[in-house]
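Structural description and commentary
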Amino acid sequence: MTIENTTLSAFHVMAKPTGAKCNLRCDYCFFLKKEQLYPDSNFRMSDEVLETYIRQTLDAHRTPEVTIAWQGGEPTLMGIDFFRKAVAMEKNAARPGVKIENTIQTNGTLIDDDWCRFFAENNFLVGLSLDGPRHLHDAYRRDKGGNSVFDKVVNAAKLMQKHKVEFNILCTVNAVNSKHPLDVYRFFRDELGACYIQFIPIVERENDSGEQAGMTVTDRSVRPEQFGRFLIEIFDEWVRRDVGKMFVQFFDGVLASYIRGYSSLCILSPTCGEGVALEHNGDVFSCDHFVEPRHLLGNIMQTPIGSLVSSEKQRAFGRSKSETLPQYCRECQFLFTCHGECSKNRVLKTPDGEPGLNWLCEGLKSFFTHTQQPMRMMAELMRKGQWAGEIMEILAAGEKGNKDELKTAGRNDPCPCGSGIKFKKCHGR
Ligand code: SF4
Ligand code: SF4
């Protein structure tokens, strides 16, 4: 492997201090199988690795802000003292003037008042995994005994609100909850009081290795058309009443492509490779979704993390996202925002037999088609220095005037709402 001795303007590390260790057994979790990579490990990051990781990460950044991201497995299994140590090390290692933000992704089951006080005092941004209301969350996210953990997770959200901890919801979109988009969205908005949501489609390969290999996906995976419907139904509610109040990461990412021609979300970028995964023992892998031997870049105890991230091997990984894009995607009208989405989801062949088509393509296409007009309108508002949320009034006024036209539209007519697609596939469904 070629090691480049460059410093990077920004990169992102997802550190896994407990490796794949977790106190839950979510059926769709791709990461639990990663325990097989370290058969004799105690799955706890040592102080030496912790200190090396923080020092190297801060050294390699040339940005005024640095994010230190903690993930799992379940990182809170390390206990609060581990993170107290980490924060103290960050303060020691930071260059003057550099702002450090810690983020942590958790299943929420161990969060109590002490954790919340710690998060609040140290400005941690917390990602809480929750798949919707009880019956949807319980479908796949249970503890090792198969018991529901829903109440604990909701309690964690309430505690974080009490302690004014900033948190967002990370919701997988799977075979079960994808059929209930508005139940999921309204639960987060109306019952939980959450404002920031990330939807993560479950596209889980059917194999025992946990690797991104093979061309079949499990029954738990979200169906492509269902993923599209899920996003569309939530978007339609969001764009009519919640713009500027609720933040859905995927919507913001697509809107950014309309405004400035690119999104900072890796899944919506032409190339990737700026976000690596750090295992508990210092091993660095190309991406959180590719913690596999063939994507091991090296170990930070031997090679600085900045060199691993800027290595030719990692650059090739990032470039391969666009280099392996099938012609079908290259000719797609939504390439500018989709870019074939994430490489890990590319399990299909195109209609003309080329490999590398995204499992979610059908759903992504219907979402991009359905939302292109409101996305363009919001982008235009913002370009003119206006607030994107003005679209809510514009749509309300337009829909009032459209009511009569909707009543008389033919099934094959363009939809009067102005979406650009046929009435039968839009408001005439
Ligand atoms: S493989 Fe997917 S998740 Fe990983 S960095 Fe690339 S686009 Fe992002
Ligand atoms: S919508 Fe489908 S065809 Fe178009 S770029 Fe995305 S994955 Fe490729």
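The shown structure was predicted, so the numbers you read here are calculated from the model rather than taken from an experiment. Per chain, residue numbering runs from 1 following the sequence as it is written. Lettering for chains starts from A, numbering for ligands starts from 1, and both go in the order in which the items are written. Note on the predicted model: pLDDT of at least 70 is required for a residue's local features to be given, and 80 or more for side-chain atom pairs to be given and counted; whole-chain, interface and lining totals, by contrast, use all residues.

1. Remarks on helix α6 (residues 181-191)
Heads up, the condition is: For every residue, the other C-beta atoms within 10 Å of its own C-beta are counted; 20 or more classify it as buried, 12 or fewer as exposed, and values in between as partly exposed. C-beta atoms are placed from the backbone. Think of it this way: any DSSP run of H or I at least four residues long counts as a helix, any run of E at least two long counts as a strand, and we number them from the N terminus. Contacts are defined on C-beta atoms placed from the backbone: any two residues whose C-beta positions lie within 7 Å are in contact.
Within α6, burial applies to P181, V184, Y185, F187, F188 and R189. Tucked into the core, α6 has its buried residues touching α4 (134-137), β5 (167-173), β6 (196-201) and α7 (224-241). Of the residues trailing α6, G193 is marked for its positive phi of about 70°.

2. Topic: the nonpolar core
Threshold: Put simply, a nonpolar core is a cluster of buried Ala, Val, Leu, Ile, Met, Phe, Trp, Tyr and Cys residues tied together by C-beta atoms within 7 Å.
L128 and V276 are the most contacted members of the largest nonpolar core, which has 100 residues in total. In terms of residue count, the dominant contributor to this core is α7 (7 residues). Discounting chain neighbours no more than four positions away, the residues touching L128 are T106, G108, V153, A156, A157, F167, I169 and L170.

3. Regarding the site of ligand 2
Spelled out, the test is: For each residue, a C-beta atom is placed from the backbone, and the residue counts as near a molecule or strand when that atom lies within 6 Å of it. The classification used treats Ala, Val, Leu, Ile, Met, Phe, Trp, Tyr, Cys and Pro as nonpolar, Asp, Glu, Lys and Arg as charged, and all other residues, Gly among them, as polar.
The full set of residues close to ligand 2 is Y328, C329, C332, F334, L335, C338, G340, E341, N358, C361, L364 and K365. Those elements that place two or more of their residues in the shell around ligand 2 are α11 (327-330), α12 (335-338) and α13 (361-383). Here the residues of the shell around ligand 2 sort into 8 nonpolar, 2 polar and 2 charged.

4. Considerations on the site of ligand 1
Around ligand 1 sit C266, I267, C272, G275, C287, H289, K321, C342, S343 and K344, and those are all the residues in its vicinity. For the shell around ligand 1, the residue count by class is 5 nonpolar, 3 polar and 2 charged.

5. Brief notes about the confidence of the model for the protein chain
Detailed conclusions should not be drawn from predicted coordinates in areas where pLDDT is low. The following threshold applies: pLDDT expresses, on a scale from 0 to 100, how confident the predictor is about each individual residue.
Looking at the protein chain, the pLDDT average stands at 92 and 95% of residues meet or exceed 70. Per-residue pLDDT stays below 50 along residues 1-7; that stretch engages in 17 contacts with residues further than four places along the chain or on separate chains.

6. Brief notes about the sheet that holds strand β2 (residues 65-70)
Counted only if it meets this: DSSP calls a pair of strands paired once it identifies at least 2 bridges connecting them.
Ordered in space as β7-β6-β5-β4-β3-β2-β1-β8-β9-β10, the 10 strands form an open sheet in which the pairing is mixed. Two strands close off the open sheet at either side, each with one partner strand: β7 (247-248) and β10 (296-299). In the sheet, strand β4 (residues 125-129) pairs with β5 via 4 bridges, with the strands oriented parallel. Looking at the pairing, V126 lines up with F167 of β5.

7. A closer look at the packing of helix α8 (residues 249-260) against α13
Threshold: Axis lines are fitted through C-alpha atoms, for helices just across the contact stretch, and the angle between N-to-C directions can take any value from 0 to 180 degrees. Geometric relationships in this document are graded by angle, where less than 35 degrees denotes roughly parallel, more than 145 denotes roughly antiparallel, 65 to 115 denotes roughly perpendicular, and other angles denote oblique. Crossings are sorted by hand: turned counterclockwise from the far helix by less than a right angle, the near helix makes the crossing left-handed, and turned clockwise it makes it right-handed.
Remark: α8 packs on α13, axes separated minimally by 9 Å, with the N-to-C direction vectors making an angle of 55°. Put simply, α8 runs oblique to α13. Crossing hand, α8 versus α13: right-handed. Across the interface between the two elements, V254, L255, Y258 and I259 from α8 touch M375, R376, M378, A379, M382 and R383 from α13. Across the contact of α8 with α13, the residue classes break down as 8 nonpolar, no polar and 2 charged.

8. As for helix α2 (residues 80-93)
What counts is decided by this rule: A helix is expected to span 1.5 Å for every residue after the first. By definition, the arc is the one covered by directions from the helix axis to the C-beta atoms.
Counted at 1.5 Å a residue, the expected span for α2 with its 14 residues is 20 Å, and the 20 Å between its end C-alpha atoms agrees. Residues of α2 that are buried include every one of F83, A86 and E90, and no others. Taken around the axis of α2, the buried residues stretch over an arc of 50°, which confines them to a single face. Relative to its buried face, α2 has exposed residues pointing more than 90 degrees away, namely D81, A88, K91 and N92. Buried residues along α2 sit in contact with α1 (47-60), β2, β3 (99-106) and α3 (113-121).

9. Quick notes on the pairing of β6
Spelled out, the test is: Orienting the strands away from the viewer, one traces the path from the first strand over the helix to the second; a clockwise path indicates a right-handed crossover.
Side-chain alternation along β6 places I197, F199 and P201 on a buried face and Y196, Q198 and I200 on a face that remains uncovered. Note that β5 and β6 share 5 bridges and pair parallel. What sits directly across from T172, in β6, is I200. For the handedness criterion, the β-α-β arrangement of β5, α6 and β6 is classed as right-handed.

10. What to know about the packing of α1 against α2
One can describe the packing of α1 onto α2 by two numbers: an axis separation of 9 Å at closest approach and a directional angle of 40°. Both α1 and α2 take part in a crossing whose hand is right-handed. Contacts from D47, L50, E51, I54, R55 and L58 of α1 reach α2 at K85, A86, M89, E90 and A93.

11. A look at the environment of C195
Within the secondary structure, C195 sits in the loop between α6 and β6. Considering only alpha carbons, one finds C195 and V248, 53 residues apart in sequence, at a separation of 8.2 Å. Those residues in contact with C195 that sit more than four places away from it in its chain are K245, M246 and F247.

12. Let's talk about unusual backbone geometry
Between G72 and G73 the backbone carries a cis peptide bond, its omega angle lying at 10°. Its location among the elements puts G73 in the loop between β2 and α2. You will see that E341, though not glycine, has its phi angle at about 50°, which is positive. Mapped onto the fold, E341 is located in the loop between α12 and β11 (348-349). Among the residues examined, E341 registers 22 C-beta atoms within 10 Å and is labelled buried.

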